[in-house]
Amino acid sequence: MKKARNIYFIILLIFDLIALIYGISTLSISSDEAEIYFGEKGSFLVFSHSLLYYITHFGTFIFGQNDFGLRLPILLFHFLSCLLLCKLAQKYTKTHLDIFLSLLLFILLPGTVASALLVNEASIVIFLTLAILCAYEYQKKWLFYPLLILALCVDQSFNILFLTFFFFGIYKKDFILLSLSLVLFGINISFYGFDVGGRPRGYFLDTLGIFSACFSPLVFIYFFYVIYRLMFKDNKSLLWFLMSITFIFCSLLSLRQKLYLEDFLPFCVICTPLLVKTFMESYRVRLPKFRLKYKIFIECTAIFLLFCYFVIIGNQFLYYFISNPKRHFANNYHFAKELSQELKKQNIFAIRVSDSLQKRLKFYGIKESNTLYLRSIKNGKESIKDQSIIKIKLGKFEKIYQVKSYK
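Keep in mind it's a predicted model, so treat the numbers as computed, not measured.

Reading guide: rules and limits
- Residues numbered from 1 in each chain as written.
- Predicted model: local features only at pLDDT ≥ 70, side-chain atom pairs only at ≥ 80, totals over all residues.
- Heavy atoms only, no water.
- Helix = DSSP H or I, 4+ residues; strand = E, 2+ residues; numbered from the N terminus.
- Buried < 20%, exposed > 50% of the residue type's maximum accessible area, 1.4 Å probe, protein only.
- Contact = heavy atoms within 4.5 Å.
- Areas by Shrake-Rupley, 256 points an atom, 1.4 Å probe, with all protein chains shown as cover.
- Pairing = 2+ DSSP bridges.
- Axes fitted to C-alpha atoms, helices over the stretch in contact; angles between N-to-C directions.
- Expected span 1.5 Å × (residues − 1).
- Polar contact = N/O pair within 3.5 Å; in protein donor to acceptor, adjacent residues only side chain to side chain.
- Salt bridge = Lys/Arg side-chain N within 4 Å of Asp/Glu carboxyl O.
- pLDDT = per-residue confidence, 0-100.
- UniProt positions renumbered as here; feature names shortened; annotations may be inferred.
- Parallel < 35°, antiparallel > 145°, perpendicular 65-115°, else oblique.
- Left-handed = near helix turned anticlockwise from the far one by under 90°.
- Nonpolar A, V, L, I, M, F, W, Y, C, P; charged D, E, K, R; others polar.
- Disulfide = S-S within 2.5 Å.

## A closer look at the overall build of the protein
Moving on, step 1. Of regular secondary structure, the protein possesses 18 helices and 3 strands.
Moving on, step 2. Here the protein, with 407 residues, has 50% of them falling under the buried criterion.
Moving on, step 3. A separation of at least 24 residues holds for 70% of the contacts in the protein among residues at least 6 apart in sequence.
Moving on, step 4. Within the structure as shown, the protein displays about 21100 Å² of accessible surface, and the carbon and sulfur contribution to it stands at 64%.

## So, the sheet that holds strand E1 (residues 372–377)
Moving on, step 1. In space, the 3 strands of this open sheet follow the order E1-E3-E2, with antiparallel pairing throughout. The open sheet has two edge strands, E1 and strand E2 (389–394), and neither has a second partner. Going across the sheet, the axis of each strand differs from the next one's by a mean of 30°, ignoring polarity.
Moving on, step 2. For E1 and strand E3 (residues 397–405), the ladder comprises 6 bridges, and the chain directions are antiparallel. Paired with Leu372 across the strands is Ser405, a residue of E3.
Moving on, step 3. The strands touched by helix H17 (residues 336–345) within the sheet are E1 and E2, with E2 carrying the most contacts at an inclination of about 145°.

## What to know about the pairing of E2
Moving on, step 1. In the sheet, E2 pairs with E3 via 6 bridges, with the strands oriented antiparallel. Looking at the pairing, Ile389 lines up with Gln402 of E3.
Moving on, step 2. Linking E2 to E3, which pair antiparallel, is a turn of 2 residues; within it Gly395 sits at a positive phi near 65°.

## Things to note about helix H3 (residues 51–63)
Moving on, step 1. The end-to-end C-alpha separation of H3 is 19 Å, in line with the 18 Å expected for 13 residues at 1.5 Å each.
Moving on, step 2. Among all positions of H3, only Leu51, Leu52, Tyr53, Ile55, Thr56, Gly59 and Thr60 are buried.
Moving on, step 3. Of the surrounding secondary structure, the elements contacted by the buried residues of H3 are helix H2 (31–37), helix H4 (67–92), helix H7 (122–137), helix H8 (141–154) and helix H18 (355–363).

## Description of the side chain of Ser181
Moving on, step 1. Locating Ser181 in the fold gives a position in helix H10 (residues 175–192).
Moving on, step 2. Within the local environment of Ser181, its side chain forms a polar contact with the backbone oxygen of Leu177, the two atoms lying 2.7 Å apart.
Moving on, step 3. In contact with Ser181, not counting residues within four places along its chain, are Leu148, Phe162, Phe165 and Phe166.

## Considering the pattern of salt bridges
Moving on, step 1. Applying the stated criterion across every chain, the model contains 7 salt bridges.
Moving on, step 2. With a closest N to O distance of 2.8 Å, Asp98 and Arg284 form a salt bridge. Residue Asp98 is located in helix H5 (residues 96–108), and its partner Arg284 is located in helix H15 (residues 272–284); the two are separated by 186 residues in the primary sequence.
Moving on, step 3. On the basis of relative accessible area, Arg284 is assigned to the partly exposed category, the value being 35%.
Moving on, step 4. Among the ionic contacts, a cluster of salt bridges with common partners joins Arg352, Asp355 and Glu368.

## Re the confidence of the model for the protein
Moving on, step 1. The share of residues in the protein with pLDDT of 70 or more is 90%, and the mean pLDDT across the chain is 87.
Moving on, step 2. Here residues 41–46 is a poorly scored stretch, pLDDT under 50, and it has 19 contacts once near neighbours within four places are set aside; other chains count.

## Focus on the UniProt feature "transmembrane region" (unreviewed entry) in the protein
Moving on, step 1. UniProt annotation of "transmembrane region" (unreviewed entry) refers to residues 7–24, 70–90, 102–135, 142–169, 175–194, 203–225, 237–255 and 296–322 when read in the numbering used here.
Moving on, step 2. When the span residues 142–169 is considered, its composition is 86% helix and 0% strand, and the gap between its end C-alpha atoms is 17 Å.
Moving on, step 3. The straight-line gap between the two end C-alpha atoms of residues 203–225 is 22 Å; of that span, 91% is helix and 0% is strand.

## Observations concerning unusual backbone geometry
Moving on, step 1. The phi dihedral of Ser216 is positive, around 85°, even though this residue is not glycine.
Moving on, step 2. With respect to the helices and strands, Ser216 occurs in the loop between helix H11 (204–215) and helix H12 (217–231).
Moving on, step 3. Positive phi values are uncommon outside glycine, yet Phe335 reaches one of about 85°.
Moving on, step 4. Relative to the assigned elements, Phe335 resides in the loop between helix H16 (292–313) and H17.

## Structural notes on the packing of H17 against H18
Moving on, step 1. Interhelical geometry of H17 versus H18 gives an angle of 65° and a closest axis separation of 9 Å. In terms of their interaxial angle, H17 and H18 are classed as roughly perpendicular. The two elements H17 and H18 meet at a crossing, and its hand is right-handed. Taking contact as the criterion, the partners of Ala336, Leu339, Ser340 and Leu343 in H17 are, on H18, Leu357, Arg360 and Leu361.
Moving on, step 2. Taken together, the residues that form the contact of H17 with H18 break down as 5 nonpolar, 1 polar and 1 charged.

## So, the environment of Pro146
Moving on, step 1. As for its position among the elements, Pro146 is in helix H8.
Moving on, step 2. The partly exposed category is assigned to Pro146, whose relative accessible area is 44%.
Moving on, step 3. For the pair Pro146 and Ile132, spaced 14 residues apart in sequence, the C-alpha to C-alpha distance is 9.2 Å.

## Some remarks on the state of the cysteines
Moving on, step 1. For the coordinates displayed, the defined rule picks out 0 disulfides.
Moving on, step 2. Here Cys268 is not cross-linked by a disulfide; its sulfur's nearest cysteine counterpart is in Cys271, at 6.0 Å.

Right, dumping it as C-alpha cells:
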C-alpha cells in the first residue's frame with residue numbers, strides 16, 4: 001500500500017519535471033538574467049557577485065552555455081523544494097492524501113512555476129526556507145541554527161523570515177530563538193539596507209493584484225481566510241506566523257511605497273500544507289450532503305490552476321491568439337535565442353544591436369560588431385539582397401530584420 005502511494009508522488013514529480021523542461025526549451029535568456037550571468041554585482045554577503053552568478057555559471061559549465069545549462073540548477077532547487085515540502089507537510093497534515101494535495105497545490109501555483117523556470121533568487125529562498133522550517137519542526141537544532149545564520153549570507157529577503165522567528169519566539173517564550181532572530185534581522189537591515197525613501201504613494205491594490213496572480217484568485221482568497229480564521233485559535237503554527245507576518249508586512253509597507261514582491265512571495269507559496277490542512281479539516285467534519293460547496297471550490301480551483309500551469313509552460317502558443325506580441329506576459333523571455341539561431345545560419349557571429357539585446361545575444365555566442373548592425377524592416381519592405389534578411393516567426397507574428405554595414 002505504501003509503495004502504491006509513493007508511485008503517485010513519483011508520477012507527479014516526473015510530470016512536473018518533464019513539463020518544466022519543455023518550458024525551459026521555449027524560453028530565451030532575458031535582459032535581467034543576462035545581467036546576472038555576465039556579472040551583476042549582487043547581494044551575496046561573501047563574494048563580489050550574486051549567488052545566482054555562481055550557480056548559473058556552474059550550470060553552464062556542466063551542461064554548456066545554453067538555456068538548459070542556465071536554468072537546470074534552478075530546476076534542481078525546485079525539485080529539492082518539492083521533497084522538503086512533502087517532509088514539512090507530514091508535520092501538518094494527517095493523511096497521505098493531504099500530503100499529496102499539499103505538493104500538488106505547491107507545484108501548480110503560478111508563483112512556484114515562475115520560480116522554477118526563471119533565474120531569480122525565489123527558487124533558492126524557497127529551498128532554504130523549507131530546509132530551515134523542516135529543521136525546526138523536526139527539532140534538529142544542530143542544523144536549524146546554522147541554516148538560519150547561513151540565510152543571512154544568501155539574500156536580503158530573509159529579513160522577513162528572521163522577523164517571523166522573532167515573533168514566533170515571543171509566542172513560544174523561546175529567548176534564544178527571539179534573540180538570535182532579532183540580531184540577524186538587525187544585521188540584515190544594516191548590511192543590505194531597506195529603502196524607505198521617495199515620496200509616499202499607495203501601492204496596496206497593486207500588492208493584492210500580484211499576490212492574486214502568484215496564488216490564483218481563489219487560492220489567494222482562501223489564503224487570506226486562513227490567516228483570519230486561525231488568528232483566533234490557540235496553538236498557532238510556525239507556518240501561520242510566516243504567512244501572516246509576510247502578508248501583513250507587505251500590506252503595511254505597500255501603503256507607502258512600491259515593494260519588490262519577489263522578496264516576499266516565496267515565503268507564502270510554501271504554506272500550502274497549512275492551507276490544505278485547514279480546508280480538509282472543515283471538509284471532513286461535515287456530512288457528505290453538506291460538502292457540495294467545498295467540492296465546487298476544489299473543482300473550480302483545480303481547473304483554474306491547471307489552466308494557469310499549462311498557459312505558463314506553453315506560453316509561446318499565446319502568440320497565435322494575442323493581437324500584439326508586446327502584450328505577451330513572457331515577451332522578454334523570447335526572441336533572443338531564435339534570432340541568434342537565424343544569424344548563425346547566415347554565418348554571422350558578430351553584430352550590433354540595442355544594449356539590452358546585445359547581452360542576450362552574447363549568451364548565445366553572438367558578439368558585438370563594429371561593422372555590422374541589425375535594422376528592423378517594417379511593413380514587409382525587404383531589401384533586394386535576400387541573403388541579408390533575418391526572419392523570426394513567433395506564432396502568427398513575423399519579425400523581419402536586415403543586416404546592414406556601417407561602411
